[in-house]
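# Inside the fold
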Amino acid sequence: MPIQDYIEKAKSVLDKNWTGEYTVPSVHLYPHQWNWDSGFIAIGYSRYNMERAVKEILHLFDAQWENGMLPQIVFNKKALGKYFPEPDFWRTDLSPYAPKNHLTSGITMPPIHGYTVLKMFENAREKDRLIPFLKLIYPKLIKLHEYLYLERNPDDNGLIYIRHPWESGMDNSPMWDPILERIDITKVKIPEFQRKDDKIIDPEQRPKDIDYKRYIYLVDIFRKNRYDEKKIFQECPFLAVDPLFNSILCASNEALVQIAEIIDEDYKKPEEWFLMTARAVRDNLFSSEKKIFFAYDYIEKKLIEVETAAGFMPLFGGIASTQQALKLYEKLNSLSFCRLGEKNCFAIPNYDKKKKDFSSFNYWRGPIWININWMLYQGLLRYKFKQKAEHLEITVMELPMRFGFYEYFDSFTGKGYGTKDFSWTAALFIDLAYDMYEKGRKEWETRSIGKSIILNINGEHIPVEDEEEIKRDFYCLTEKIIKNFSKNGSVDYDRIRLSPEYKLYQNTVSKFANKDILKFKSEDEEKAFWINLYNMLVIDSIIRLNIRNSVKEVDGFFSNIKYRINGKDYSLDDIREILRKFNDKRVPFALVKGTNSSPPLRFFKRKNINRLLEIAARDFIRSPEVIVLPEDNRILISELFRWNDYYFKNKDDIIQFIKKYVKDDIKKDFLNKNDDIELRYLLYDWTLNG
Ligand code: 2M8
């Protein structure tokens with residue numbers, strides 16, 4: 001299992017950054033505990049080391065302020081002196097609410113932790129053992145949200161403001177420029193300070209000095225006001241409603257409702273919070289014209305019309321209405337961000353690529369971030385944009401596999417930037433890889449169906465229609481069924497079962513039994529017929545045998561379930577055999593198996609068969625079933641290639657085929673130049689694509 005190697009690498013990144021009590025984002029650049037980093041890191045741990053996940057979260061919440069605020073940084077007393085700003089600068093001891101047992105900063109971060117805790121529970125193998133943790137952490141999570149709704153909700157409408165760019169997690173995002181530019185650094189007094197980050201990482205990839213001056217100016221306001229929220233609200237020039245922060249808050253509110261149900265607590269509060277914030281974001285931050293959500297400048301009382309990845313986060317928070325989601329999708333899947341099939345573009349960059357000040361390598365001003373893409377992936381899945389979600393899933397995994405576990409990645413080349421061995425990149429990679437691995441490893445309980453089942457004999461009658469008419473009906477009904485009941489690879493078997501089209505289809509195929517319909521005018525026509533028949537036999541079998549989880553449930557699925565045509569019986573294996581005579585390597589990628597790993601179900605029109613086979617092959621090569629890793633001199637491919645060794649006799653056959661359809665130039669060059677490429681097989685996910 002090749003993904004396993006990368007999982008091991010990711011785990012060793014986390015081991016390196018684990019302090020014994022929590023995990024630092026990176027040993028050199030960020031040697032303390034960070035708020036939302038720990039939220040993402042715990043999700044990764046919960047896949048294989050629940051004890052660490054629990055410790056991670058408990059340590060962070062141990063430093064929660066008395067007013068409920070969860071600090072952005074919990075400082076590691078043993079690592080002081082390596083980062084700026086540290087406790088001597090923050091002076092949170094001036095606040096009556098700061099914890100006595102920990103040194104912390106005086107701001108917060110996006111509250112991902114409710115969401116994290118629910119994920120931990122979902123990933124737990126022994127769920128009962130996690131209940132005491134849920135009971136312990138639930139009131140602390142409520143207290144955090146209470147702080148936000150009491151102290152950061154000035155209009156009492158659920159729109160929560162942040163008071164520092166660091167609170168957004170997207171520090172130097174262009175979204176904050178308009179507010180920060182109003183702080184005239186020549187007119188205000190900025191305390192002396194010395195940055196450390198730009199000595200560790202190439203300054204080109206980090207915020208500018210002028211940004212830091214403004215960041216520090218804001219911190220100075222906080223400490224002068226002894227972290228009193230009311231006073232800060234009066235004086236702070238940076239008050240912003242961030243769609244990312246509010247979306248994450250919604251996702252966590254929603255999770256808190258579920259956690260409350262698990263531990264038998266009252267869920268009224270988080271439910272109300274969710275509804276209030278979701279409605280307010282939906283109604284106030286969306287631009288229908290620009291097809292994206294914007295941040296809101298609370299001081300100028302206007303939207304900040306800067307298009308960043310934060311503007312898509314209402315998909316993650318379950319905030320966007322269906323109409324809004326469709327518009328968001330249009331924007332997300334455009335040349336501004338990354339369109340499906342677009343060349344040299346990896347995942348979703350953090351800022352609109354078309355803007356003049358877009359940078360593919362500078363921090364939050366354009367590069368790709370794994371946590372943001374991971375949340376977008378969850379959001380796309382939630383709103384059923386399956387194809388885009390799958391594409392993102394694979395790029396989120398591919399980037400660290402190819403370039404290493406970096407902090408962020410170049411939006412055009414994929415090269416890694418910032419610090420290497422970055423914790424959330426490793427943790428979220430683990431989360432996705434486990435998903436993939438576990439699905440592929442699943443065992444299915446099988447049942448036997450005896451010798452053979454012929455699906456299309458219901459009474460012996462000789463149809464009156466001629467062969468062409470029967471075939472026309474077959475094509476017409478097949479097209480209808482596929483178009484109406486399947487989307488992006490997933491098939492609604494229950495709706496097919498109840499549909500009139502399916503009744504008519506059954507009636508039509510029953511006429512095959514004693515008619516010679518196997519006369520074709522052309523090779524193309526014959527090819528299209530067998531491909532469509534194969535796919536429909538799969539669907540028909542799944543429905544008739546009432547398969548709920550996987551075709552693996554039925555022993556002999558591919559050999560013993562058949563259609564009779566003019567007195568002769570054909571199983572799926574037989575049809576595959578017949579199709580070989582065309583010697584067309586694209587055919588295996590047109591045949592479905594009713595599984596998550598098989599190509600999506602499509603209708604193959606007789607007339608366009610060549611073009612459609614081309615699309616089927618191309619889409620498969622660009623799907624998560626083929627992962628090209630130039631940096632590791634390796635390709636990970638679907639078992640489908642192995643099972644079709646009739647078409648793919650050796651490594652070269654496979655590489656030539658992949659080369660033809662692969663999208664980006666780096667991969668093409670690699671496949672062209674290298675004759676020593678290692679091929680490894682991915683696990684096949686047999687789960688029903690229903
Ligand atoms: C970055 O932010 C810190 C300040 O919080 C910094 O630049 O020093 C951001 O990428 C932030 O989102 C992240 O949580 C933090 C630690 O990884 O680094």
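Model, not experiment: these values are computed from the prediction.

## Topic: the overall build of the chain
Helix and strand counts for the chain come out as 27 helices and 20 strands. For 690 residues, the compact-globule formula gives about 26 Å, and the C-alpha radius of gyration of the chain, at 28 Å, lands near that figure. Projected onto its principal axes, the C-alpha coordinates of the chain cover approximately 90 × 60 × 50 Å. Expressed as a percentage of the 690 residues in the chain, the buried residues total 63%. Averaging the coordinates of the 107 positive side-chain charges in the chain and doing the same for the 104 negative ones gives two points 2 Å apart.

## Points about helix H6 (residues 131-151)
Structural remark: α-helix, 3.6 residues per turn; residues separated by three or four positions point the same way. The first and last C-alpha atoms of H6 sit 30 Å apart over 21 residues, in line with the 30 Å expected at 1.5 Å per residue. Residues of H6 that are buried include every one of Ile-131, Phe-133, Leu-134, Ile-137, Tyr-138, Leu-141, Ile-142, Leu-144, His-145, Tyr-147, Leu-148 and Tyr-149, and no others. Where H6 is buried, its residues contact helix H3 (50-62), helix H5 (113-123), helix H11 (229-235), helix H12 (243-262) and helix H13 (268-284).

## Details of the sheet that holds strand S19 (residues 634-637)
Strand order in the open sheet formed by three strands is S18-S19-S20, with mixed pairing between adjacent strands. Bordering the open sheet on either side are strand S18 (626-629) and strand S20 (678-681), each of which pairs with just one other strand. This sheet shows a mean twist of 15° between the axes of neighbouring strands, independent of strand direction. Most of the contacts of helix H16 (residues 386-403) go to S18, to which it runs at about 25°, and overall it touches S18 and S19.

## Some words on the site of the ligand
Neighbouring residues of the ligand: 17 residues in total, closest Asp-37, Tyr-83, Gly-169, Asp-171 and Tyr-363. Taking Trp-34, its side chain carries an N or O atom lying 3.0 Å from an oxygen atom of the ligand. Contacts to the ligand include Tyr-363, whose side-chain N or O atom sits 2.5 Å from an oxygen atom. Computed on the free molecule, the ligand has an accessible area of 410 Å², of which 100% lies beneath the protein chains in the complex. Here the shell around the ligand is built from residues that sort into twelve nonpolar, two polar and three charged.

## As for helix H10 (residues 209-224)
Along its 16 residues, H10 runs 22 Å from first to last C-alpha, staying within 8% of the 22 Å computed at 1.5 Å per residue. Taken as a whole, H10 has its buried residues at Asp-211, Tyr-212, Arg-214, Tyr-215, Ile-216, Tyr-217, Leu-218, Val-219, Asp-220, Ile-221, Phe-222 and Arg-223. Against the buried residues of H10 lie helix H4 (87-90), helix H7 (165-168), helix H8 (177-180), helix H9 (197-200) and H11. Just beyond H10, the residue with positive phi is Arg-226, at close to 50°.

## Some details on the packing of helix H21 (residues 523-544) against helix H24 (residues 609-621)
Relative to each other, H21 and H24 sit at 50°, their axes nearing to 10 Å. Taken as axis vectors, H21 and H24 run oblique relative to one another. Two secondary-structure elements touch here, H21 through Asp-524, Lys-527, Ala-528 and Ile-531 and H24 through Ile-609, Asn-610 and Leu-613. Grouping the constituent residues of the contact of H21 with H24 by class yields four nonpolar, one polar and two charged.

## Some remarks on the nonpolar core
Counting 168 residues, the largest nonpolar core has Trp-36, Ile-372 and Met-375 as the members making the most contacts within it. Tallying contributions element by element places H6 first for this core, with eleven residues. Discounting chain neighbours no more than four positions away, the residues touching Ile-372 are Trp-36, Met-170, Leu-244, Ala-309, Met-313, Asn-350 and Trp-364. Among the nonpolar cores identified, the runner-up in size contains 81 residues, and Phe-512, Ala-528, Ala-616 and Val-662 belong to it.

## Brief notes about the pattern of salt bridges
Applying the stated criterion across every chain yields a total of 60 salt bridges. Put simply, Glu-146 and Lys-269 hold a salt bridge, and the shortest N to O gap is 2.4 Å. Taken together, the residues Glu-146 in helix H6 and Lys-269 in helix H13 connect sequence positions 123 residues apart. The exposure class assigned to Lys-269 is partly exposed, which follows from its relative accessible area of 40%. Taking the shortest distance from any N to any O, the salt bridge between Lys-471 and Glu-525 comes out at 3.7 Å. Of this pair, Lys-471 sits in helix H18 (residues 467-485) while Glu-525 is found in helix H21, placing the two residues 54 residues apart along the sequence.

## Regarding the packing of helix H2 (residues 35-45) against H3
Two measures define how a pair of helices packs: the angle their axes make with one another and the distance between the axes. Contact pair H2 / H3: the axes reach a minimum separation of 8 Å and the direction vectors enclose 165°. One element, H2, and the other, H3, form an angle in the roughly antiparallel class. Every pair of crossing elements has a handedness; the one defined by H2 and H3 is left-handed. Every residue of H3 that contacts H2 at Asn-35, Ser-38, Gly-39, Ile-41, Ala-42 and Tyr-45 is listed here: Met-50, Arg-52, Ala-53, Glu-56, Ile-57 and Leu-60. Its residues assigned to classes, the contact of H2 with H3 shows seven nonpolar, three polar and two charged.

## Thoughts on the side chain of Asn-333
Here Asn-333 lies in the loop between helix H14 (322-332) and helix H15 (370-382). The exposure class of Asn-333 is buried, given its relative accessible area of 17%. A polar contact of 3.0 Å, which involves the side chain of Asn-333, links it to the side chain of Lys-388. Those residues within four positions of Asn-333 in sequence are excluded, and the remaining contacts are Cys-338, Arg-339, Leu-340 and Lys-388.

## Thoughts on the packing of aromatic side chains
Within this structure, the stated rule accounts for 61 aromatic pairs. For the pair Trp-34 and Tyr-83, a centre-to-centre distance of 5.0 Å together with 85° between the ring planes defines the contact as edge-to-face. Residue Trp-34 is located in strand S1 (residues 33-34), and its partner Tyr-83 is located in the loop between strand S2 (73-74) and H4; the two are separated by 49 residues in the primary sequence. One residue, Lys-301, lies across the ring of Tyr-298, its end atom 3.5 Å from the ring centre. One Lys or Arg, Arg-642, reaches over the ring of Tyr-681 and ends 4.0 Å from the middle of that ring.

Conventions adopted
Residues numbered from 1 in each chain as written. Predicted model: local features only at pLDDT ≥ 70, side-chain atom pairs only at ≥ 80, totals over all residues. Heavy atoms only, no water. Helix = DSSP H or I, 4+ residues; strand = E, 2+ residues; numbered from the N terminus. Rg over C-alpha atoms; globule rule 2.2 N^0.38 Å. Buried < 20%, exposed > 50% of the residue type's maximum accessible area, 1.4 Å probe, protein only. Lys, Arg positive; Asp, Glu negative; His and termini not counted. Charge placed at Lys NZ, Arg CZ, Asp CG, Glu CD. Expected span 1.5 Å × (residues − 1). Contact = heavy atoms within 4.5 Å. Pairing = 2+ DSSP bridges. Axes fitted to C-alpha atoms, helices over the stretch in contact; angles between N-to-C directions. Near = heavy atom within 4 Å. Polar contact = N/O pair within 3.5 Å; in protein donor to acceptor, adjacent residues only side chain to side chain. Areas by Shrake-Rupley, 256 points an atom, 1.4 Å probe, with all protein chains shown as cover. Nonpolar A, V, L, I, M, F, W, Y, C, P; charged D, E, K, R; others polar. Parallel < 35°, antiparallel > 145°, perpendicular 65-115°, else oblique. Core = buried A, V, L, I, M, F, W, Y, C linked by side-chain atoms within 4.5 Å. Salt bridge = Lys/Arg side-chain N within 4 Å of Asp/Glu carboxyl O. Left-handed = near helix turned anticlockwise from the far one by under 90°. Phe/Tyr/Trp six-rings, centres within 6.5 Å; stacked < 30°, edge-to-face > 60°. Lys NZ or Arg CZ within 6 Å of the ring centre and 35° of its normal.

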